[in-house]
Amino acid sequence: MHKNGVATLVGFLALSAISIALISGIVLWALPNIQKAQNQDEAMRIENRMIELHNAIKIAANEQTKLSVPFYIKKGRLALSTNGTENNSVIFTSNLKLPVPYNQRVLLGNKTEVGILGVDEPAYAIESGAFELKLHYIMLNDTATKDCYRIQLKHGIQSAIGPGDHTIAIRWDSEINDQDLATHSGCYRNITQVVLIDMV
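Keep in mind that this is a model prediction, so the values were computed, not measured.

K.L.:
With reference to specific residues and values, describe the overall build of the protein.
P.N.:
Along the protein, the regular secondary structure elements total 2 helices and 12 strands. In sequence order, the secondary structure elements of the protein are arranged as α-β-β-β-β-β-β-β-β-β-β-β-α-β. Taking 16 Å as the expected radius of gyration for a compact globule of 200 residues, we find that the protein reaches 26 Å, considerably beyond that expectation. Overall, the C-alpha framework of the protein stretches about 100 × 30 × 25 Å when taken along its three principal axes. Looking at the protein residue by residue over its 200 residues, the buried ones come to 36%. Within the protein, contacts between residues separated by at least 24 positions form 66% of all contacts whose residues are at least 6 apart in sequence. Side-chain charges in the protein split into 18 positive and 19 negative, and the spacing between the mean points of these groups amounts to 11 Å.

Put into structure tokens, the structure is as follows:
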């Protein structure tokens, strides 16, 4: 009778050990794939947020109004660049360890500095690397009137944010008619809508 109890206990312990080893193996095998899928989902969510941010900036510039856009960042950093090589851009960077890093993939618009009014977007969004998404604003030329239009980003009190829940306040600030820049760029007039961006 005592041997039956010991055999049952040993069998139960062996079955438990095999089950634990099997479950651990599955988890260790699946965890990297789950992480990659979550990172891919995060990249797609940020893409959608950046397009929503772009649409809000266009509305603020066209209608001379103010809007706010909620922006949640799981990992990474969003920053406004108003000088240097990334001038007039909103840039999101994160190391999402995507299965295949992006190689200058254009998400929105055409990667050009001058477009045609009514045909092209006033900005382009390009993805690269482990995950960098740049929303860059360009000049649009009205081929009928030879006037050029652009959106100029201007930073508010805070121009960069990290992980967490944030609100991006977008407000039309002013309009600039610049004849000197217009003749330099081949336009009769250069009309710039200045949009203030404040990230909180």
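K.L.:
I'd like to hear about a nonpolar patch on the surface, residue by residue, with values.
P.N.:
A cluster of nonpolar side chains, L9, F12 and L13, forms an exposed patch at the surface whose accessible area comes to about 330 Å². Looking at the element boundaries, F12 is found in helix 1 (residues 2–63).

K.L.:
Quick rundown of the side chain of E127? Include the residues and the values.
P.N.:
Within the element layout of this structure, E127 appears in strand 6 (residues 123–129). A residue is classified by how much of its surface remains accessible, and E127, at 0% relative accessible area, is buried. Among the polar contacts listed, one links the side chain of E127 to the side chain of R105, at a separation of 2.5 Å.

K.L.:
Quick rundown of the environment of R150? Include the residues and the values.
P.N.:
Structurally, R150 is set in strand 9 (residues 147–155). Remark: the alpha-carbon pair of R150 and L117, spanning 33 residues in sequence, is separated by 9.7 Å. Dropping the residues within four chain positions of it, R150 is found in contact with N88, I138, M139, N190, I191, T192 and Q193.

K.L.:
Could you give an account of the nonpolar core, with specific residues and numbers?
P.N.:
Core analysis: the biggest nonpolar cluster contains 33 residues, and M50, I57, L78, V90, F131, I170 and I197 have the highest contact counts within it. At 8 residues, the largest contribution of residues to this core is made by helix 1. Setting aside anything within four residues of it in sequence, one finds M50 in contact with F71, L78, V90, F92, L133 and L135.

K.L.:
Now, about the sheet that holds strand 5 (residues 114–116): what can you tell me, with residues and values included?
P.N.:
In a beta sheet, neighbouring strands are held together by backbone hydrogen bonds and run either parallel or antiparallel to one another. Strand order in the open sheet made by the 6 strands is 1-11-12-9-8-5, with mixed pairing throughout. The two strands at the open ends of the sheet, each matched to only one other strand, are strand 1 (66–73) and strand 5. The mean angle between the axes of side-by-side strands here comes to 25°, regardless of whether they run parallel or antiparallel. As judged from the 10 bridges shared by strand 11 (residues 164–178) and strand 12 (residues 189–199), these two strands associate in the antiparallel manner. For D178, the partnering residue across the bridge sits in strand 12 and is N190.

K.L.:
So what's going on with the sheet that holds strand 10 (residues 160–161)? Residues and values would help.
P.N.:
The strand order across the open sheet formed by 6 strands is 4-6-7-3-2-10, and the pairing between neighbours is antiparallel. Looking at strand neighbours, the two that pair on one side only are strand 4 (102–108) and strand 10, the edges of this open sheet. As judged from the 5 bridges shared by strand 3 (residues 89–93) and strand 7 (residues 132–137), these two strands associate in the antiparallel manner. Bridging from a neighbouring strand, V90 pairs with L135 of strand 7.

Conventions we followed
Residue positions are counted from 1 within each chain, in the order its sequence is given. It should be noted that, the model being predicted, local features are given only for residues of pLDDT at least 70 and side-chain atom pairs only at 80 or more, the latter also being counted only at that level, while totals for whole chains, interfaces and linings use all residues. For side-chain calculations, the full set of non-hydrogen atoms in the structure is used, while hydrogens and water are omitted. Helix numbers and strand numbers start at the N terminus; a helix is a DSSP run of H or I with at least 4 residues, a strand a run of E with at least 2. C-alpha atoms define the radius of gyration, and 2.2 Å times the number of residues to the power 0.38 defines the globule rule. Residue exposure (1.4 Å probe, protein chains only): buried if accessible area is under 20% of the type maximum, exposed if over 50%, otherwise partly exposed. Only heavy atoms enter the contact rule, under which two residues are in contact if any of them lie within 4.5 Å. Charge convention: Lys and Arg are scored as positive, Asp and Glu as negative, and His as well as the terminal groups of each chain are ignored. Every charge is mapped onto a representative atom, which is NZ of Lys, CZ of Arg, CG of Asp or CD of Glu. Only residues whose relative accessible area exceeds 30% and that take part in no salt bridge are eligible for patches, with like-charged residues grouped when within 9 Å of each other and nonpolar side chains (Val, Leu, Ile, Met, Phe, Trp, Tyr) grouped when within 5 Å. Note on areas: Shrake-Rupley with a 1.4 Å probe; residue coverage comes only from the protein chains shown. Here, a salt bridge means any side-chain nitrogen of Lys or Arg that lies within 4 Å of a carboxyl oxygen of Asp or Glu. Residues adjacent in sequence count toward polar contacts only when both atoms are side-chain atoms; beyond that, a polar contact is any pair of N or O atoms within 3.5 Å, and within protein one must be able to donate a hydrogen and the other to accept it. Buried Ala, Val, Leu, Ile, Met, Phe, Trp, Tyr and Cys residues that are joined via side-chain atoms within 4.5 Å together make up what is termed a nonpolar core. Any two strands with at least two DSSP bridges between them are considered paired. Lines fitted to C-alpha atoms define the axes here, with helix axes fitted over just the stretch in contact, and angles between the N-to-C directions of these axes take values from 0 to 180 degrees.

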